[in-house]
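Spelled out from the first residue to the last, the chains are:
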Amino acid sequence: MLDLTAFNKKKYTPYETPLERADKLELFLGKDSPTIYIKRDDLLGLTGGGNKTRKLEFLMADAIKKNSNAIITNGAIQSNHCRLTLAASIRENFECHLVLEERIPNTFNQEASGNNFLFQLLGATSITVAKKGENIQDITKKIAHNLTKKGKTPYIIPGGGSNEIGALGYVNCFHEMKEQFKPLQIKPSTIICTSGSSGTHAGLVTGINISNEPIKCIGISIMRLKAEQLELVHSLASKTARLLQSNTSINREDVIIYDNYVGNGYSDPTPEMIEAVTILAQTEGILLDPVYTGKALAGMIDLIRKNKIKSDETIIFIHTGGSPALYAYQKEFTQTLKTNYQKST
Ligand SMILES: Cc1ncc(COP(=O)(O)O)c(C=O)c1O
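Residues numbered from 1 in each chain as written. Predicted model: local features only at pLDDT ≥ 70, side-chain atom pairs only at ≥ 80, totals over all residues. Heavy atoms only, no water.

## Focus on the overall build of the protein chain
Counting its regular elements, the protein chain contains 11 helices and 10 strands. Computed over the C-alpha atoms, the radius of gyration of the protein chain is 20 Å, within 12% of the 20 Å expected from 2.2 N^0.38 for a compact globule of 345 residues. Along the first, second and third principal axes, the C-alpha atoms of the protein chain reach 65 × 60 × 40 Å. Within the span of the protein chain, comprising 345 residues, buried residues form 56% of the whole. Summing over all exposed atoms, the protein chain offers an accessible surface of approximately 15,900 Å²; the carbon and sulfur share of this is 49%. With 40 positive and 35 negative side-chain charges, the protein chain shows a separation of 3 Å between the mean positions of the two kinds. (Helix = DSSP H or I, 4+ residues; strand = E, 2+ residues; numbered from the N terminus. Rg over C-alpha atoms; globule rule 2.2 N^0.38 Å. Buried < 20%, exposed > 50% of the residue type's maximum accessible area, 1.4 Å probe, protein only. Areas by Shrake-Rupley, 256 points an atom, 1.4 Å probe, with all protein chains shown as cover. Lys, Arg positive; Asp, Glu negative; His and termini not counted. Charge placed at Lys NZ, Arg CZ, Asp CG, Glu CD.)

Here it is in C-alpha cells:
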C-alpha cells in the first residue's frame, strides 16, 4: 500500500488529470492497435502544465520546510522544468535563478520563442547561460554560494527535479491512475513514458513495484543509451523506494528502456517525432512536444507497428506535457504540413 501522507506536499493541480481513451488514434493505427489511454499530465497545474508540476509539489514543500527563499535549478535552453520551477517559485514568492545549458553549440537565442520567451515573461530573477562542456553543477553551486553571502537561503532543485523527493510525484501519479482503472474497468498491461532525467520513469516503476501490480513500464529514452539510462532509472527508483521505507527492492528487469528513438541526440528533431506529433494533433487534437513526448509517442507507434505491443492489450501513454516548446520548432513542422488554404472569394 502506498502511503505518501508522511511527506509534505503542495497542491498545484486542484483535480486529478484525466485518463482518456484515444479511440481516434487507435482507428488511425488500424487493426493492430491496442486499446490506448492517455494520462493527460499535460493538463497539470502551473504555467503550461507537464510532469514537473507533480515533482515540484514535493520539492517546493521540502524547500519551504527548510526555510528557503531562493530556488536555483538548471536545464536545457528550452527547459520545461525551468519554466515550471519558475512558475512554482512565483506561487511561493521565492526568487528563481535559472542556469540554462546550451547542449547543442550556438543554439541559445535570447529572442527565441517557446519556453525561452516564458522565462522572460514570468520574470526569472537571473538567467545564466552555460556553454556546452561547462560544468553546470559548479555554476549552480556558485550561484547558491553568492546568494548565501547575501543572506538568502537557497534551495537547489536538480535538473528535471529528478531526485527521490521529486520522483514521489510519479509514485503519486501511479496511485492516482490505479484509482482511475476501477471505474474505467481496465487492466492495463503497459505504461509508456518519456525517460529523460529519469524522475518520471523511476517514480512510476517504484509505484508499480510497491503496489505489486502486473504492469510493465516502458521508458523511451530521449538522450542516453540504454545501459546508462537503465542505471539512472534503477538507481533513482531504488532510492525512492528507500525513502518510502518500502522493503520491496527494484529489479533491473523492471526498468525497460528503448533508446532507438533519440535520433542524432537530445532535442534534435527526427522525422518520426514530426510524424507522431502531427498524428496526435490531427487525430485527437492533443499537442505533444518535439523534445520529449513527440519522441516517446514515435517510439510507442513503432512498437505497435512492429507488433511488440499486441492488439489485445490496454496501454497507457503518459503525456508529460511540454507543448510550449513546440512554438520554438515551427520551422521543422511547416515543411511537412499541407494545409489547404483557399481564396475567400
Ligand atoms: C515534457 C517533458 N516530458 C518528459 C520529460 C522527461 O521526464 P524526466 O526528466 O522525469 O525523465 C521532460 C523533462 O524535462 C519534459 O519536459
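## A few points about the packing of helix H3 (residues 80-92) against helix H4 (residues 114-122)
Two numbers describe how H3 lies on H4: the axes approach to 9 Å, and their chain directions differ by 15°. With respect to their mutual orientation, H3 and H4 come out roughly parallel. The two elements H3 and H4 meet at a crossing, and its hand is left-handed. Two secondary-structure elements touch here, H3 through Asn80, Cys82, Arg83, Leu86 and Ile90 and H4 through Asn115, Leu118, Phe119 and Leu122. Classifying every residue of the contact of H3 with H4 by side-chain character gives 6 nonpolar, 2 polar and 1 charged. (Axes fitted to C-alpha atoms, helices over the stretch in contact; angles between N-to-C directions. Parallel < 35°, antiparallel > 145°, perpendicular 65-115°, else oblique. Left-handed = near helix turned anticlockwise from the far one by under 90°. Contact = heavy atoms within 4.5 Å. Nonpolar A, V, L, I, M, F, W, Y, C, P; charged D, E, K, R; others polar.)

## Overview of helix H2 (residues 52-65)
The terminal C-alpha atoms of H2 lie 19 Å apart, and with 14 residues this matches the ideal 20 Å at 1.5 Å per residue to within 8%. Here H2 lies mainly inside the structure; 12 of its 14 residues are buried. Three or more residues of H2 are buried, namely Lys52, Thr53, Arg54, Lys55, Leu56, Glu57, Phe58, Leu59, Met60, Ala61, Asp62 and Ala63. Contacts from the buried residues of H2 go to strand E2 (35-39), strand E3 (70-76), H3, strand E6 (154-157), helix H6 (164-184) and helix H7 (199-211). (Expected span 1.5 Å × (residues − 1).)

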